[in-house]
Amino acid sequence: NAGVMQNPRHLVRRRGQEARLRCSPMKGHSHVYWYRQLPEEGLKFMVYLQKENIIDESGMPKERFSAEFPKEGPSILRIQQVVRGDSAAYFCASSLDVGDQPQHFGDGTRLSIL
Amino acid sequence: GENVEQHPSTLSVQEGDSAVIKCTYSDSASNYFPWYKQELGKGPQLIIDIRSNVGEKKDQRIAVTLNKTAKHFSLHITETQPEDSAVYFCAAGPGGNNRLAFGKGNQVVVIP
């Protein structure tokens, strides 16, 4: 019973490049959440998606960041024209569609900007 | 928005003793309070959660208590073992499928 799968585990980009982070939710889960974690900090909410819909993007920067969760395939968090401040661990969580369900996390993508 | 604070930031306990971590939250609309354990290089792992309609929940050596009036909740780990050493995060949210607000985490060190 596979958990939330994120790839790549580590990603290195130079300033100005694009970063694409992928998240496959647990089987049967249709809700996906993205969080960002800076060193020695808690997780900060970025965006909540259901299949083909963005439900809450209030935690995501208005520029350079976008997220999608298509009908088929993983959810993608995309960061364009990366800057040093984007260096962080990005975690994805998923939950079931029924009622009050807990969020289960993947092992994250560690993004480093040179 | 919701603001969650955790105390203490670091906690060292002797193996076999109990560890208690406290969190406070600010938004009275929060109804769901999960605790996560994070080991180095891994993602947060849900260890226990509580909803606002109960005051306490237990699962083997782990328990969580909730005081909605005072807006605080605590994680209790009894008979600590070296494998309990990790960073523990509390979180709060309105329940349902919704965003969570996390505390900054507690580093728990269990000394053998």
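See the structure printed just above.
Residues numbered from 1 in each chain as written. Chains lettered and ligands numbered in written order. Predicted model: local features only at pLDDT ≥ 70, side-chain atom pairs only at ≥ 80, totals over all residues. Heavy atoms only, no water.

1. Here we look at the interface of chain B and chain A
Item 1. On the side of chain A, 27 residues touch chain B, which itself brings 20 residues to the contact.
Item 2. Interface area, chain B with chain A, both sides summed: about 1800 Å², of which 45% is carbon and sulfur.
Item 3. On the chain B side of the interface with chain A, the three residues burying the most area are Asn97, Arg99 and Phe102 of chain B, jointly 33% of the side's total.
Item 4. Summed over the shared surface of chain B and chain A, the number is two salt bridges.
Item 5. Here Asp56 of chain A makes a salt bridge to Arg99 of chain B, at a shortest N to O gap of 3.9 Å.
Item 6. In this structure, the connection of chain B to chain A is made through seven residue pairs in polar contact (both at pLDDT 80 or more).
Item 7. At the level of secondary structure, the elements contributing two or more residues to the side of chain B that touches chain A comprise strand E4 (32-38) and strand E5 (45-51) of chain B. (Contact = heavy atoms within 4.5 Å. Buried area = accessible area lost by both parts, 1.4 Å probe. Salt bridge = Lys/Arg side-chain N within 4 Å of Asp/Glu carboxyl O. Polar contact = N/O pair within 3.5 Å; in protein donor to acceptor, adjacent residues only side chain to side chain. Helix = DSSP H or I, 4+ residues; strand = E, 2+ residues; numbered from the N terminus.)

2. Quick look at the sheet that holds strand E8 (residues 72-77) of chain B
Residues and elements named next belong to chain B.
Item 1. On the basis of which strands lie adjacent, the open sheet formed by five strands has the order E1-E3-E8-E7-E6 and antiparallel pairing. The strands lining the two open edges of the sheet, one partner per strand, are strand E1 (4-7) and strand E6 (56-59). Direction aside, neighbouring strands of the sheet carry axes that sit 15 degrees apart on average. (Pairing = 2+ DSSP bridges. Axes fitted to C-alpha atoms, helices over the stretch in contact; angles between N-to-C directions.)

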